[in-house]
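Coordinates in review
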Amino acid sequence: MNSKKNRIEDKNANTINIVTTFTDQEWNFIFYAEFFKLCGIFPGKNLTFPSTIPHFRRPCQLEITKNRQWKKGCNELALLSYAIQDVYGESNTARELLILAEIYCKHDLLHACTFEEFPYYKTKQRLYDTLTKFENAYQEFENLKKKEGYHLQFFKISCQTKINFLLGQLRIKKRFDGMSLFICAKNLSLNYPPYSPYGLILGGIIFDQDLNYLINSENVYKYILKNFHLNPLLASYVFTRLGRFYNRILHENEISLLYFKKAIKLAEQPYASFKYAALTMDKAYIAPVDPDEIEPREIKQARYIFKKFILKLLQNKNLSPIQLEYLVTSCKILKETYEVYLNSNFPFYEELTKYVDNNEFFDYFFGSDSQAEKENLKKHFNFI
């Protein structure tokens, strides 16, 4: 036990590798991953890291066995408690995480965290319900006697950031000043050096969500890449954030493509892969056309990238709503390309409705609300 404790306390690995042989049970991974993200530990799924990278620090590893499978209505706190003790033993890290696990489960922060990532049915009532969950969790944190420690402070700043984001979605004045939140995240980075990169990543996210400081996030991400030896998962995530910044804020898609490509080479990032394919297709549409080509070479290459991305998604039989968004949008883009250049239909497109209907993710993740959630998503996709 002592060796395990020392390993965690001394190195403070800020990445956890969540290993599961149940590759199609996305809901199970999300349950654990969202908790660790809220607490300042970056989750990877079934990742293997090359040992040849200089200064590489191997992440902690959590194996999800048959007895550790999450579904709506299960004893969430027991599952998280077992997982925390498996990985972190009796360390200070474990003690902090056990406190936060109770808040996470009590206020259903799993569904609150994933709501902002789901692309459909963002009604005012849902926004208010989600805001209430984070407000209550934040208030419970404020009532704790022990508040010091990296994970406790990271959790606090995470909740404040999400509260601000949801208030912004509701067109209500934000509760916390963005620069003050960034300074808190930066102080985490300074006060807990082994966690420095992720403290600053949180700072970048805070800037990303605040119109007053939006332009500053680029410098934060570039500073992280320049000054820290990141493991591939963290580096891939930072490259993805930079690609997103250049695409959405500066509209410099050539630079954005380069960052997304770097992200994909390092680790699996569905958002980076989708955006890389979409921006490649956009670029292909404005490229010079050879009148002798039935289908321009650039379009053909972009179509190949999309098909490769779609086939990878389809390896998972139970995609989350955001993954289904990537799948359906990709198929829609290919459908248009097939119609214009090949005078045919993309063959898989007509099967997408069935793919949503038969997706077990909704049954496990939403329980009795499963069917309603499927209907909302199909309306979002214009399937019904």
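Look up: the structure comes first, before these words.
Definitions and cut-offs
Residues numbered from 1 in each chain as written. Predicted model: local features only at pLDDT ≥ 70, side-chain atom pairs only at ≥ 80, totals over all residues. Heavy atoms only, no water. Phe/Tyr/Trp six-rings, centres within 6.5 Å; stacked < 30°, edge-to-face > 60°. Lys NZ or Arg CZ within 6 Å of the ring centre and 35° of its normal. Helix = DSSP H or I, 4+ residues; strand = E, 2+ residues; numbered from the N terminus. Contact = heavy atoms within 4.5 Å. Disulfide = S-S within 2.5 Å. Buried < 20%, exposed > 50% of the residue type's maximum accessible area, 1.4 Å probe, protein only. Expected span 1.5 Å × (residues − 1).

Turning to the packing of aromatic side chains, a few remarks are in order. All told, the structure shown has 34 aromatic pairs when counted by the stated rule. Connected via pairs of aromatic rings, a cluster forms that spans Phe31, Tyr32, Phe35, Phe36, Trp70, Tyr104, Phe118, Tyr120, Phe361, Phe362, Phe365 and Phe366. Over the aromatic face of Phe115 sits the side chain of Lys122, whose NZ or CZ is 4.6 Å from the ring centroid.

Mapping Ser256 onto the fold places it in helix H12 (residues 253-266). Setting aside residues up to four positions removed in sequence, Ser256 forms contacts with Gly243, Tyr246, Asn247 and Leu279.

This next bit is on the state of the cysteines. A complete count under the given rule lists 0 disulfides for this structure. Free of any disulfide, Cys39 has its nearest neighbouring cysteine sulfur in Cys159, separated by 9.0 Å. The class for Cys39 is buried, based on a relative accessible area of 0%. Considering cysteine sulfurs only, Cys113 is the nearest to Cys159, which forms no disulfide, with 7.7 Å between them.

The subject of this paragraph is H12. Taking 1.5 Å per residue, 14 residues should reach 20 Å; H12 reaches 20 Å between its end C-alpha atoms and fits that length. Within H12, burial applies to Ser256, Leu257, Tyr259, Phe260 and Ala263. The elements touched by buried residues of H12 are helix H10 (217-227), helix H11 (232-248) and helix H13 (270-285).

Even without being glycine, Asp108 reaches a positive phi, approximately 50°. Residue position: Asp108 is located in the loop between helix H4 (92-106) and helix H5 (109-115). Even without being glycine, Tyr121 reaches a positive phi, approximately 50°. Tracing the backbone shows Tyr121 in the loop between H5 and helix H6 (124-142). For Tyr121, a relative accessible area of 42% gives the class partly exposed.

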